[in-house]
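Residues per chain are reported as follows:
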Amino acid sequence: MTKEIKEIRDIRDVPPVGKTSDDLVNGIQRHYLRTFGQHKPNNSVDYKYKALACTIRDRLMECWKNTKEAHEEQDKKRAYYLSLEFLMGRALGNAVLNLGLDEQTEEALHKLGLDVEEIIDQESDAGLGNGGLGRLAACFVDSCATLQLPVVGYGIRYEYGMFRQQIVDGNQVEEPDHWLRNGNIWELERPEHTQCVHFGGRSESYHDAKGTLRTRWVDTEDVLAVPYDTPIPGYKNGTVNTLRLWKSAATDEFNLGEFNAGSYPESVASKNEAEHISMVLYPNDASENGKELRLRQQYFLASASIKDVLRQWVEVHGNDFSEFAEKNVFQLNDTHPTVSVAELMRILMDDYALEWDAAWAITSQTMAYTNHTLLPEALERWPVYLFGRLLPRLLEIIYEINARFLSEVANRWPGDVERQSRMSIIEEGPVQQVRMAYLALVGSFSVNGVAQLHSDLLVEGLFADFYAMWPEKFNNKTNGVTQRRWMAWCNKPMSELITDTIGGDWVTDLGELRKLVPYADDAEFRKQWAACKHQNKERLAAIVEAECGVTFNPDAMFDIQVKRIHEYKRQLLNVLHVIHLYDRIKRGDTDNWTPRCVLIGGKAAPGYYIAKQIIKLVNNVAEVVNNDPEVGDKLKVVFFPNYRVSAMEVIAPAADLSEQISTAGKEASGTGNMKFMMNGAMTIGTLDGANIEIREEVGDENFFLFGLTAEEVEATRGHYNPDAIIADDADFSRVMELLECGHFSQFEPGLFSAIFHAIRSPHDPWLVAADFRAYVDAQQLAAEAFLDQNRWQKMSVLNTAYSGKFSTDRTMQDYNRDIWKLTPIPSKCS
Ligand SMILES: *Cc1c(COP(=O)(O)O)cnc(C)c1O
């Protein structure tokens, strides 16, 4: 018998994977047995999780391959989202949802006698980000896949993600997050696409074969960048996009030859240094720390990603870059990957022999920059000496970019040397600095803020000089969140009710939720709506009980503030209100009381002293409040430990009141605010970031507004007198008295002195005292509204109904229409 010789890649003979629950049962059993070698039933949830994850992954693989092939075949324009952070959370539930396998999966697990929740809980969060900026990147890639846009996410595969937060004696204790310890089913190593990244060395001139004077970067220390790909499934559309994360590794020839036998251990140790680059995520949100390793990470991502894109370009187009800018666009998520501007210039000139002008035409037409913050401490600057030592050739190019740019400024505003020094990419001073935001502004054709107010403030303030020069570059792209994870997956009860009522199109067209508006007046619908919310509150209460040992009554108002702990987000203002409520209870001022469960959660940067003090204060206040029998069910307070994506999936659906109380003009957008709104929570908030647009959509009557505007905040500076504000307000005075007399630090006198000094400082940048009265009054209105459950549930329905704008599907369509201009690529996969 003769056998036809087959090609291994001819997969037509591989039986297709089925999608019935029995197919899934077979898959789970097969992986359990044959992939993981588990023969007897045992207690390891991990292998059960892994067997299910592999079974789901099998159903992604073909479409993933097809999507890649379709992108290559069509040779249409592609976008690359460069981000130092992707806060993905868990992958399993999202993959099941987007593949449309939720019912079959549940059935399969039931047939096998497995507990769905327990298996879902086995997966570690991919916590490769700090907060909003990293989570935005994760929502973006989900929406791009759902819209079938050819977008690749590029990031770093940190061995250790965002630290795990433990609370010990009320204090934050950081633990390393070794999220890869049990392996990662969702990634595929692609060693064949490894890139080599250079550091150090020096730049030298030479004459090439044609006698042209050129530059090369020599004597470098090299590090390998090994890509790991994660599939990003679109929603029921056969598209599976790619998130490519780089891991650093020592080069193969890492000096073993150079060292004599005696130095063997030293040469192996140098391998370690190379591997350090992708070891750990820096845990600072909205502030930079200027560490050399961080700059290494930034260049590592930029260089590996750009080389990867150029590799693919050259494979198809050879050394012809004439159409490169028409077919490629890089979106820079904040300034973190901005060294890309210089890296693309370097490669085009040094490796592909393009002239400066040609290279600049390409670079400045392919880079687009998103700004994420107005806080001056977050604007990245790198000392020139450090930059020059680590990336000498890149610094040379940045100097040249700057020289040409400043001569443009000089031509436009002759004699205005003051303006030239203001706008220079190189900041003069005792220590010269590279201003990364300015490099991004000069090198990009598009610059956007992330909510309307933020974009307006950028061009009026921080970037005013650049706006005067290039108004056409500036635009706004209001953030969003993906309703697949933040509603359809995490809030099953409400999602089912909505789909039963208006159909399921909202999952890919969030504007459809407007069809819920008439149901806000339907008493029967409101009753079902409230029942969903109640069920979600029970789920959260069980976790709070287990994690914090505090009983939340699901009939009370769930008042929630979860986000990074930062002074500008004003968790302190929230605590002051809690102390005020406690004070009222103790004084017997409790007529028409609204019982409240206050939940505060979030991580503080490990070196951020005041933020850590705030965590301790919340815990101490909670201790007093929760153990006072006189308070009882009227008020409960917890600090929820280790806030992360998978925690938010339980928290957002259970919220009644969403705390969005930053000092106006400081929160660029916020996205937590959108998740809460979508899940039917009312917002109490300032006119800041996307709160403004949320209020515009839902209407003033369905939003608890308070506080100074951004303009008023600026006008207050210089004559701000918190002592007078406190003295004039009897409630505020009592709250400060309780704080300052040590009522919440009985055994540690003076513990919170830094906090009350900050509140009383005329230089408090966050103006906590200025907004106290307005905040307490708005809280009172919210409490009264909650007592009228008919009214509250109506407002809750309307919040969801008017949340359509805040889908990242809309955000991505805006980016694509105005910046990327990609053509969606349909899938051949079903
Ligand atoms: C949405 C989200 C954030 C951002 O929250 P903000 O309130 O916008 O600061 C941060 N961390 C996690 C885990 C999130 O899911």
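The rules behind each value
Each chain carries its own residue numbering, running from 1 in the direction its sequence is written. The predicted nature of this model means local features are confined to residues of pLDDT at least 70 and side-chain atom pairs, given and counted, to a pLDDT of 80 or more, with totals for whole chains, interfaces and linings taken over all residues. Excluded from the side-chain calculations are hydrogens and water; all other atoms, namely the structure's heavy atoms, are used. UniProt positions are given in the numbering used here, feature names are shortened, and annotations may be inferred rather than shown by experiment. Under the DSSP-based scheme used, a helix requires at least four consecutive residues in state H or I and a strand at least two consecutive residues in state E, with every element numbered from the N terminus. Throughout this description, buried means an accessible area under 20% of the type-specific maximum (1.4 Å probe, protein chains only), exposed means over 50%, and partly exposed covers the range between. Any two residues whose heavy atoms approach within 4.5 Å at even a single point are treated as in contact. Pairs of cysteine sulfur atoms within 2.5 Å are what we label disulfides. Strands qualify as paired when DSSP identifies two bridges or more between them. Should a side-chain nitrogen of Lys or Arg be within 4 Å of a carboxyl oxygen of Asp or Glu, the pair is scored as a salt bridge. When charges are counted, Lys and Arg contribute as positive and Asp and Glu as negative, whereas His and the chain ends are disregarded. Polar contacts here mean pairs of N or O atoms no more than 3.5 Å apart (in protein, one a potential hydrogen donor and the other a potential acceptor; neighbouring residues in sequence count only if both atoms are side-chain atoms). The axes used here are C-alpha line fits, helices contributing only the stretch in contact, and every angle between their N-to-C directions lies in the interval 0 to 180 degrees. Angle categories are assigned with fixed cut-offs, so that under 35 degrees is roughly parallel, over 145 is roughly antiparallel, 65 to 115 is roughly perpendicular, and the rest are oblique. Stacked, tilted and edge-to-face are the three classes applied to pairs of Phe, Tyr and Trp rings, where Trp contributes its six-membered ring and a pair requires centres within 6.5 Å; stacked means planes under 30 degrees apart, edge-to-face means over 60, and tilted covers the rest. We call a charge positioned above a ring when the Lys NZ or Arg CZ atom is no farther than 6 Å from the ring centre and deviates by at most 35 degrees from the ring normal. In this analysis the probe radius is 1.4 Å and the grid spacing 1 Å, with only protein atoms considered; a cavity is a set of points the probe fits into but cannot get out of, a pocket is an open set with protein on both sides within 12 Å along at least five of seven lines, and lining residues have an atom within 4 Å of a point. Grid points are joined across faces, edges and corners, and a volume is the space filled by probe spheres set on the points. In this scheme, a helix's expected span is set at 1.5 Å multiplied by one less than its residue total.

**Observations concerning the UniProt feature "modified residue: N6-(pyridoxal phosphate)lysine" (unreviewed entry) in the chain**
Within this structure's numbering, the places UniProt gives as "modified residue: N6-(pyridoxal phosphate)lysine" (unreviewed entry) are K675. For K675, the position within the fold is in helix α24 (residues 672-678). With a relative accessible area of 6%, K675 lands in the buried category. Leaving out residues up to four positions away in the same chain, K675 has contacts with R135, V481, W486, M648 and A652.

**Points about the state of the cysteines**
Following the criterion strictly, the structure yields one disulfide and no others. Across the disulfide, C63 is cross-linked to C829 (sulfur-sulfur distance 2.0 Å). Around the S-S axis, the bridge from C63 to C829 shows a dihedral of about -65° and counts as left-handed. A residue pair is termed long-range when its members are at least 10 positions apart, and C63 in helix α2 (residues 45-74) and C829 in the segment after α32 (808-820) qualify at 766 residues. As far as burial versus exposure is concerned, C63 and C829 are alike and both buried. There is no disulfide at C144, and the cysteine sulfur nearest it, in C139, is 11 Å away.

**Remarks on the pairing of strand β8 (residues 195-199)**
A regular strand carries its side chains on alternate faces of the sheet. In terms of burial, β8 is largely enclosed, as four of its five residues are buried. Bridge count between β8 and strand β11 (residues 221-233): five bridges; the pairing is antiparallel. Bridging across to β11, H198 finds its partner in D222.

**Concerning the pattern of salt bridges**
Applying the stated criterion to the full structure yields 67 salt bridges. In this structure, the salt-bridge partner of R202 is E204, at a minimum N-O distance of 3.2 Å. We note a salt bridge from R485 to E649, for which the minimum N-O separation is 2.8 Å. Here the residue R485 occupies a position in helix α18 (residues 483-489), and E649 occupies one in helix α23 (residues 645-651), the gap between them amounting to 164 residues. Counted as one network, the salt bridges with shared partners bring together K68, R190, E192, D229, R244, D308, R311 and E315.

**Some remarks on the side chain of E380**
With respect to the helices and strands, E380 occurs in the loop between β14 (367-370) and β15 (381-383). Among buried Asp, Glu, Lys and Arg side chains, E380 stands out as unpaired, with R294 the closest opposite charge at 4.7 Å. Only 2.7 Å separates the side chain of E380 from the side chain of T335, close enough to count as a polar contact. A polar atom in the side chain of E380 sits 3.3 Å from the backbone nitrogen of H336. Setting aside chain neighbours within four positions, we find E380 in contact with E288, Q298, T335, H336, V434, R435, M436 and A437.

**A closer look at the packing of helix α30 (residues 772-787) against helix α31 (residues 789-801)**
Taken N-terminus to C-terminus, the directions of α30 and α31 make an angle of 105°; their axes are 5 Å apart at the nearest point. In terms of orientation, α30 and α31 fall into the roughly perpendicular class. Mapping the contact onto sequence places A782, A785, F786 and L787 in α30 and Q789, R791, W792 and M795 in α31.

**Brief notes about the packing of aromatic side chains**
Inspection of the entire model under this criterion finds 27 aromatic pairs. Taken together, Y81, F86, F140, Y815 and W820 form an aromatic cluster joined through their ring pairs. The ring centre of W486 lies 4.4 Å from the NZ or CZ of K675, which sits over that ring.

**Structural notes on empty space enclosed by the protein**
The probe, sized like a water molecule, is rolled over the atoms to show the empty space still left. All chains considered together, the criterion is met by two cavities of 30 Å³ or more. In this structure, the largest cavity spans a volume of roughly 520 Å³. Elements supplying a minimum of two residues to the lining of the largest cavity: α2, β2 (86-89), α3 (92-98), β3 (126-128), α6 (132-146), β11 and β12 (240-250). Per-element accounting of the lining of the largest cavity gives the leading share, five residues, to β11.

**Digging into helix α8 (residues 292-317)**
Here α8 contains 26 residues, and its C-alpha end-to-end distance of 37 Å stays within 8% of the 38 Å for a straight helix at 1.5 Å per residue. The buried fraction of α8 is high, at 19 of 26 residues.

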